[in-house]
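# What the coordinates show
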2 protein chains.
Amino acid sequence: MIEAPYILFLGDAADPLAAKVAQGIKDWRPDFAKAQFRLPGCNADMGLPDMTMEEAAAAGIKTVVIGVANRGGHIADTWITALEAALRAGLDIASGLHNLLSDEGALVAAAQMHGRSLHDVRIPTVAYPIASGKKRRGKRVLAVGTDCSVGKMYTALAMEREMHARGLKATFRATGQTGILITGGGVPLDAVIADFMAGAVEYLTPDNEPDHWDIIEGQGSLFHASYSGVTMALIHGGQPDALILAHEPTRKHMRGLPDFPLPGLEQLRDVALTMARVVNPACYVAGVSVNTAKLPEPEAEAYLSELEAKLGLPCVDPYRQGAGRLVEALQ
Amino acid sequence: MIEAPYILFLGDAADPLAAKVAQGIKDWRPDFAKAQFRLPGCNADMGLPDMTMEEAAAAGIKTVVIGVANRGGHIADTWITALEAALRAGLDIASGLHNLLSDEGALVAAAQMHGRSLHDVRIPTVAYPIASGKKRRGKRVLAVGTDCSVGKMYTALAMEREMHARGLKATFRATGQTGILITGGGVPLDAVIADFMAGAVEYLTPDNEPDHWDIIEGQGSLFHASYSGVTMALIHGGQPDALILAHEPTRKHMRGLPDFPLPGLEQLRDVALTMARVVNPACYVAGVSVNTAKLPEPEAEAYLSELEAKLGLPCVDPYRQGAGRLVEALQ
């Protein structure tokens, strides 16, 4: 687990989009996001107090979270000085970037000298078990997508927030780097060794109170040729009681695969439900989460109501409409 | 690639079953299996010439293959002396055991000193790409099972042999440790990092001549809660033109999962075909390979003909009947 609260490292972000990890933390865990650190030329701003690393430590902040991705996902040389200062000041560092904190000699030496931790959340640190398939107590819901990057993480976080607002017991369970940085823990499923994927998901979603919901972050798609194995392991390791279908209606082809059309939502429903019922015969589809960001409001509304009539399920854009109806659809 | 021919290391095998890797090499690549090496107390015998490591090297043998698994899958201390002698004599060593040759200091030192290679086939040595989903030339067939360990590797090797006997172009593509040791190369798919599984299968089955068949070794089962993600990646990375369904009719529950019944063959057919057609719309089920080893001959025959009538597909036990009808069913 990454210790909160955080100072969000925005570095020399080229634009606000480059700081989307920081934005995610700010949006979904505002209590964690206490300050920001920017280098000259930074074009992102979370509206948080700018602090030096020393000020952050004095304010009780525990961890610098790298909230920015520069081109290529690298830890820039220009960042090293600031990050060394953070370790010296007594802060840990957490990063989801491709190149690792633990490969940066200067940071490793400084962390060792000052007794601090470097969290590379892209790398599993647990020896996950092989999945046992055993039924666990508590409830689980998983979002499965027609494609990658259609809003599965957003949907899960919005459902968690809504459930907390209603006084329900719910925990978002992160399975990707951004989700882990936002919530401080989870399983970087795409980096787990094949044999242990489903076991890692079981580990992430253990026995819980009967009325508690784990809201498991989805990954990939059963219909995505590159990543479907990861999605399959999420379904069989997660043993979901409920599925949410996630879709982006303007997507022309599967992400990164120009020759592959998206499946229909009925096709996704049928295949995902068939596979989920292998491990949980009572699994049902609760609703559909549609990312309508690219549609004007009237078109989005028309699309959602047509879809709802066709599928007989609540069809919701949680960004525009909130996740209330998806939460209500959980039995 | 592991250099052939081999001397099969049987060590102190407790019984013939402990030497099943050696038996597989002897059965499927007899040209590779030139000699055997046994320690005192060995209860396995491949019927090959017993040689010292020096004799093996003098006979043109290139590699010692660890053909035995002792309890726990470990490299026994009693083996080290013989294996050091092998390296000294100029042989490489290949092993699929859980504990690695490369973790045995004495072997690493001897390999370095004598310029030899240690092949731990359980560990990937290639940085596999992320799957591109691009269509490749040539044909591919994949066996998918109702469960793990129902005879998928045997089926694939029997089909390869039958196709070669008929003068057809075919290559068995190993995806597990035993298959890799038998054929000298492949991808240890269960040890590949999640994101790269499907890409590893693409790498294993590249463009080929239009009338060439890759016969891809199956792994796990879409219906096995622990390993279904690996199977999914095989289907989407392999882009099979044809599927063979594999089944063991006396199995009471999924291997290692006492609470999970096996799916029906119709259910496997429908789900596997649906998933395969995501990447290859022309994919078809060619036939069914049934491991009837636990049925007496008349029962086995009755089972196969009933199944054939029910499914309308050639249903064959390749061990009892040969793989001819499965090969003929490839279009």
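Cut-offs used in this document
- Residues numbered from 1 in each chain as written.
- Chains lettered and ligands numbered in written order.
- Predicted model: local features only at pLDDT ≥ 70, side-chain atom pairs only at ≥ 80, totals over all residues.
- Heavy atoms only, no water.
- Helix = DSSP H or I, 4+ residues; strand = E, 2+ residues; numbered from the N terminus.
- Rg over C-alpha atoms; globule rule 2.2 N^0.38 Å.
- Buried < 20%, exposed > 50% of the residue type's maximum accessible area, 1.4 Å probe, protein only.
- Areas by Shrake-Rupley, 256 points an atom, 1.4 Å probe, with all protein chains shown as cover.
- Lys, Arg positive; Asp, Glu negative; His and termini not counted.
- Charge placed at Lys NZ, Arg CZ, Asp CG, Glu CD.
- Polar contact = N/O pair within 3.5 Å; in protein donor to acceptor, adjacent residues only side chain to side chain.
- Contact = heavy atoms within 4.5 Å.
- Buried area = accessible area lost by both parts, 1.4 Å probe.
- Salt bridge = Lys/Arg side-chain N within 4 Å of Asp/Glu carboxyl O.
- Nonpolar A, V, L, I, M, F, W, Y, C, P; charged D, E, K, R; others polar.
- Least-squares fit on C-alpha atoms with pLDDT ≥ 70 in both.
- Pairing = 2+ DSSP bridges.
- Axes fitted to C-alpha atoms, helices over the stretch in contact; angles between N-to-C directions.
- 1 Å grid on protein atoms, 1.4 Å probe; cavity = no way out; pocket = protein on both sides within 12 Å on 5 of 7 lines; lining within 4 Å.
- Points joined across faces, edges and corners; volume = space filled by probe spheres on them.
- Parallel < 35°, antiparallel > 145°, perpendicular 65-115°, else oblique.
- Left-handed = near helix turned anticlockwise from the far one by under 90°.
- Right-handed = clockwise from strand over helix to strand, strands pointing away.
- pLDDT = per-residue confidence, 0-100.
- Arc of directions from axis to C-beta.

## Quick look at the overall build of chain A
Each helix and strand counted, chain A has 12 helices and 11 strands in total. Whereas a compact globule of 331 residues would reach a radius of gyration of roughly 20 Å, chain A reaches 20 Å, a difference of no more than 12%. The C-alpha extent of chain A, read off along each of the three principal axes, is 60 × 45 × 45 Å. In chain A, which comprises 331 residues, the proportion classed as buried is 58%. With an accessible surface of roughly 13,200 Å², chain A has 53% of that area assigned to carbon and sulfur atoms. Averaged over its 30 positive side-chain charges, chain A has a centre that lies 4 Å from the centre of its 38 negative ones.

## Observations concerning the side chain of A:Ser226
Checked against the element boundaries, A:Ser226 lands in the loop between strand S8 (212-216) and helix H8 (228-238). There is a polar contact of 2.7 Å between the side chain of A:Ser226 and the backbone oxygen of B:Ala131. Leaving out residues up to four positions away in the same chain, A:Ser226 has contacts with A:Leu257, B:Ile130, B:Ala131, B:Asp195 and B:Ala198.

## Focus: the interface of chain B and chain A
Contacts between chain B and chain A engage 33 residues on the former and 33 residues on the latter. Summing both sides of the interface, chain B and chain A together bury roughly 2,600 Å²; the carbon and sulfur share of this comes to 65%. Summed over the shared surface of chain B and chain A, the result is 0 salt bridges. Contributing elements (two or more residues each) for the side of chain B that touches chain A: helix H7 (197-204), helix H8 (228-238) and helix H9 (265-279) of chain B. Its residues placed into classes, the side of chain B that touches chain A shows 22 nonpolar, 9 polar and 2 charged.

## Structural notes on the relation of the copies chain B and chain A
Once chain B has been moved 0.0 Å along the axis and rotated by 180 degrees, it coincides with chain A to within an RMSD of 0.0 Å. With respect to symmetry, the two chain copies, as superposed, fit the operation of a two-fold axis. Of the interface residues in chain B, 100% have counterparts in chain A that sit at the interface too, so the contact is made through matching surfaces.

## Digging into the environment of B:Leu181
Residue and element names in this part refer to chain B. Structurally, leucine 181 can be placed in helix H6 (residues 177-183). On a C-alpha basis, the gap between leucine 181 and isoleucine 25 in space is 7.4 Å, while along the polypeptide they are 156 residues apart. If sequence neighbours within four positions are ignored, leucine 181 has contacts with Ile2, Tyr6, Val21, Ile25, Val65, Ile66, Ala94, Ser95, Gly96 and Val121.

## Re the sheet that holds strand S2 (residues 33-38) of chain A
Residue and element names in this part refer to chain A. Here 5 strands make up an open sheet; going across it, the order is S2-S1-S3-S4-S5 and the pairing parallel. Strands with a single pairing partner mark the edges of an open sheet, and in this sheet they are S2 and strand S5 (118-120). Ignoring which end each strand starts from, the neighbouring axes of this sheet average 25 degrees apart. Alignment of strand S3 (residues 63-66) against strand S4 (residues 92-95), held across 3 bridges, turns out to be parallel.

## A few points about the sheet that holds strand S9 (residues 242-247) of chain A
Residue and element names in this part refer to chain A. With parallel pairing, 6 strands are arranged side by side in an open sheet as S7-S8-S6-S9-S10-S11. Each having just a single partner strand, strand S7 (169-173) and strand S11 (315-316) make up the two edges of the open sheet. In the sheet, strand S6 (residues 139-145) pairs with S8 via 4 bridges, with the strands oriented parallel. Note that in S8 the partner of leucine 142 across the bridge is isoleucine 216.

## Thoughts on empty space enclosed by the protein
All names here are of chain B. In this structure the tally under the stated criterion is 1 cavity of 30 Å³ or more. Approximately 30 Å³ is the volume found for the largest cavity. Lining the largest cavity are Val141, Leu142, Ala143, Thr155, Ala156, Met159, Ile215, Ile216 and Ile244. If you list the elements that add at least two residues to the lining of the largest cavity, you get strand S6 (139-145), helix H5 (152-165) and strand S8 (212-216). Its residues assigned to classes, the lining of the largest cavity comprises 8 nonpolar, 1 polar and no charged.

## Comments concerning the packing of H7(B) against H8(B)
Residue and element names in this part refer to chain B. Viewed as axis vectors pointing N to C, H7 and H8 meet at an angle of 45 degrees, and their least axial separation amounts to 8 Å. As the angle between them shows, H7 and H8 are arranged oblique. Here H7 and H8 pass one another in a crossing that is right-handed. Here Met197, Ala198, Val201 and Glu202 of H7 come into contact with H8, specifically with Gly229, Val230, Ala233, Leu234, Gly237 and Gly238.

## Some details on the pairing of S2(A)
Residue and element names in this part refer to chain A. The pairing of strand S1 (residues 6-11) with S2 spans 5 bridges and is parallel. Bridged to phenylalanine 9 within S2 is phenylalanine 37. Running through helix H1 (residues 20-28), the crossover from S1 to the neighbouring parallel element S2 is right-handed.

## Considerations on the pairing of S6(B)
Residue and element names in this part refer to chain B. Among the 7 residues in S6, 6 count as buried, and that is most of the element. Here S6 runs beside strand S9 (residues 242-247); their pairing, made up of 5 bridges, is parallel. From the neighbouring strand, glycine 145 faces S9, where its bridge partner is alanine 246.

## Section: the confidence of the model for chain A
The pLDDT averaged across chain A works out to 96; a share of 99% of its residues lies at or above 70. For this predicted complex, the interface score ipTM comes out at 0.93, alongside a pTM of 0.95.

## Structural notes on H1(A)
One turn of the α-helix equals 3.6 residues, which is why residues spaced by three or four share an orientation. Residues and elements named next belong to chain A. Burial in H1 covers these residues: Val21, Ala22, Gly24, Ile25 and Trp28. The buried residues of H1 occupy an angular sector of 160 degrees when projected down its axis, which confines them to one face. Here the buried face of H1 lies against S1, S2, S3, helix H5 (152-165) and helix H6 (177-183).

## As for the pattern of salt bridges
Residue and element names in this part refer to chain A. Counted by the stated rule, this structure contains 36 salt bridges over all chains. Aspartate 214 is the salt-bridge partner of arginine 173, the closest N and O atoms lying 2.6 Å from each other. Of this pair, arginine 173 sits in strand S7 while aspartate 214 sits in strand S8, and the two are 41 residues apart along the sequence. Across this residue pair, the class does not change: arginine 173 and aspartate 214 are buried. Measuring nitrogen to oxygen at the nearest pair gives 2.5 Å for the salt bridge that ties arginine 325 to glutamate 308. In this pair, arginine 325 is assigned in helix H12 (residues 324-328) and glutamate 308 in helix H10 (residues 297-311), connecting sequence segments 17 residues apart.

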